Amino acid sequence: MTNIRVGVIGVGRGKSFMKGAGEAVGMELVALCDIWEERLLEVGRDYGVTTYTDYDAFLEHDMDAVILANYFHEHAPFAIQALEAGKHVMSETASNTTLAEGVALCRAVEKTGKTYMLAENYPYTVFNQEMRRVYRTGEIGEVTYAEGEYNHPMAPEDRLRISPGITHWRAWLPSTYYCTHALAPLMYITDTMPVKVNGLSIACREVNKRTVRVADPGSVILCRMDNGAVFRIFGLLLPGHSNWYRVHGSRGAMEIARGPEYFGPGQVRVWHEAWDLKPGEEAERVYTPDWSEHGDLARRAGHGGGDFWTSLHFANAIRSGEPPFQDVYRGVTMSSVGILAWKSALEDGRPFDMPDFRDEEHRSSVENDHWSPWPQHAGPGQPPPSILGRVRPTPEGIAHARKVWKEIGYRGE
């Protein structure tokens, strides 16, 4: 088996993908790209690969695929450029942060015929894979309601260390945009797609007072799915860690057992009503699942094993020519949930219809929708990152940020 030659952009988060590009998945790391030259050269020496600070030059390197681990709001343009350069693409976290980007990305994948995959890793934890397996047996029937939670509070100092700068994307990220960790596992388990979105944002300035974050810290999103089910999505930075999923079906339910560990205690609970039991079924069972294969490799990977599985599925899709589950259409749709939910939140929960990104008529209706909360796109008609409007960091937050940034060597604004 010939290795797939891979280049990674982003030497911070990208290190997880560098480790995953090995013999187990049939990948070989050959190049790295980042504008942080000092760190880039250090990591390049560690891995013994060529380094680039220029993305155009990086794409000229002799390689088959590119993994994007750069800033959250910059993935789509980088992905389109890589596809047009003849590279397969796996992209971190968000496929697009405007609807227009989503349209352009879908068209680029179709035009080039290259493999595209969203590297959303939370569906591939052991308990989410197990719930997908159970769901596909039909034991709990068809999904009627589901809940997904990804709430990841951090100490102010830790948040500032990973987001240096007043205009860093993490400071401006609307509370709905980082929704794929909560939504993607539910879509993976049930194989359903969102068709309508409502969002409500939680504006608690107290949570952000010792940082420079100007966006709200939390939100609740409701998605009407294509089978009529309703999914509730919760996150993002409010006190109280939560990484949890529940699925209710037409004749039963299942969930991750709650526990103190961030990725849960590794147990799945499945239950039925006593009056609806079939012969041989248990009213309730709670058990610890394991991967059916590659368990040792998955257990050593980040994000509950998800970082291994995304790399494996990407490599398998390239080799087979078959789109991965998290293809461009699912990637763009689940990323666009965050966009539409923010539009909804700014109108106190008004529903918004999800375009069908496979349908050119639907795509044409939003191909010029560049609605964006990022500071570099500020201008007439562009939204604020908070339902309170364009708030400013507190003086306390700015002073604390400058102290932390000085400690880590950041000298910018």
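Please refer to the structure higher up on the page.
Caption draft 1: Inspection of helix α15 (residues 395–408) at higher detail. With 14 residues, α15 ought to run about 20 Å at 1.5 Å a step, and its terminal C-alpha atoms sit 20 Å apart, in line with that. When α15 is considered as a whole, its buried residues turn out to be Gly397, His400, Ala401, Val404 and Trp405. Take α15 and look down its axis: the buried residues cluster within an arc of 130°, on one side only. Exposed residues pointing more than 90 degrees away from the buried face of α15 are listed as Pro395, Lys403 and Lys406. Contact partners of the buried residues in α15: α7 (156–161). Positive phi shows up at glycine 409, right after α15, with a value of about 90°.

Caption draft 2: Summary view of the packing of aromatic side chains. Here the structure, examined in full by the defined rule, presents 13 aromatic pairs. The interplanar angle of 80° and the centroid separation of 5.6 Å between the aromatic rings of tryptophan 405 and tyrosine 410 together place this pair among those described as edge-to-face. Taken together, Phe72, Tyr122, Tyr150, Trp169, Tyr177, Tyr178 and Trp374 form an aromatic cluster joined through their ring pairs. One residue, arginine 269, lies across the ring of tryptophan 271, its end atom 3.7 Å from the ring centre. The ring of phenylalanine 325 has arginine 330 lying over it, and the distance from NZ or CZ to the ring centre is 3.9 Å.

Caption draft 3: Molecular detail of the sheet that holds strand β3 (residues 50–52). Taken in spatial order, the six strands line up as β3-β2-β1-β4-β5-β6 in an open sheet, and their pairing is parallel. The two strands at the open ends of the sheet, each matched to only one other strand, are β3 and β6 (116–118). Each strand axis lies, on average, 25° off the axis of its neighbour in the sheet, ignoring direction. Here strand β1 (residues 4–9) runs beside strand β2 (residues 27–33); their pairing, made up of six bridges, is parallel.

Caption draft 4: Quick peek at the nonpolar core. Core analysis: the biggest nonpolar cluster contains 114 residues, and Tyr55, Phe58, Phe231 and Met254 have the highest contact counts within it. For methionine 254, the residues in contact, after removing those within four places along its chain, are Met131, Val134, Tyr135, Ile140, Ile189, Tyr245, Arg246, Val247, Arg269, Val270 and Trp271.

Caption draft 5: Local environment of the state of the cysteines. Throughout the structure, instances matching the rule amount to zero disulfides. Cysteine 179 takes part in no disulfide bond, and the closest cysteine sulfur to it belongs to cysteine 223, at a distance of 7.3 Å. Look at cysteine 179 and you get buried, because its relative accessible area is 3%.

Rules used throughout
Residues numbered from 1 in each chain as written. Predicted model: local features only at pLDDT ≥ 70, side-chain atom pairs only at ≥ 80, totals over all residues. Heavy atoms only, no water. Helix = DSSP H or I, 4+ residues; strand = E, 2+ residues; numbered from the N terminus. Expected span 1.5 Å × (residues − 1). Buried < 20%, exposed > 50% of the residue type's maximum accessible area, 1.4 Å probe, protein only. Arc of directions from axis to C-beta. Contact = heavy atoms within 4.5 Å. Phe/Tyr/Trp six-rings, centres within 6.5 Å; stacked < 30°, edge-to-face > 60°. Lys NZ or Arg CZ within 6 Å of the ring centre and 35° of its normal. Pairing = 2+ DSSP bridges. Axes fitted to C-alpha atoms, helices over the stretch in contact; angles between N-to-C directions. Core = buried A, V, L, I, M, F, W, Y, C linked by side-chain atoms within 4.5 Å. Disulfide = S-S within 2.5 Å.

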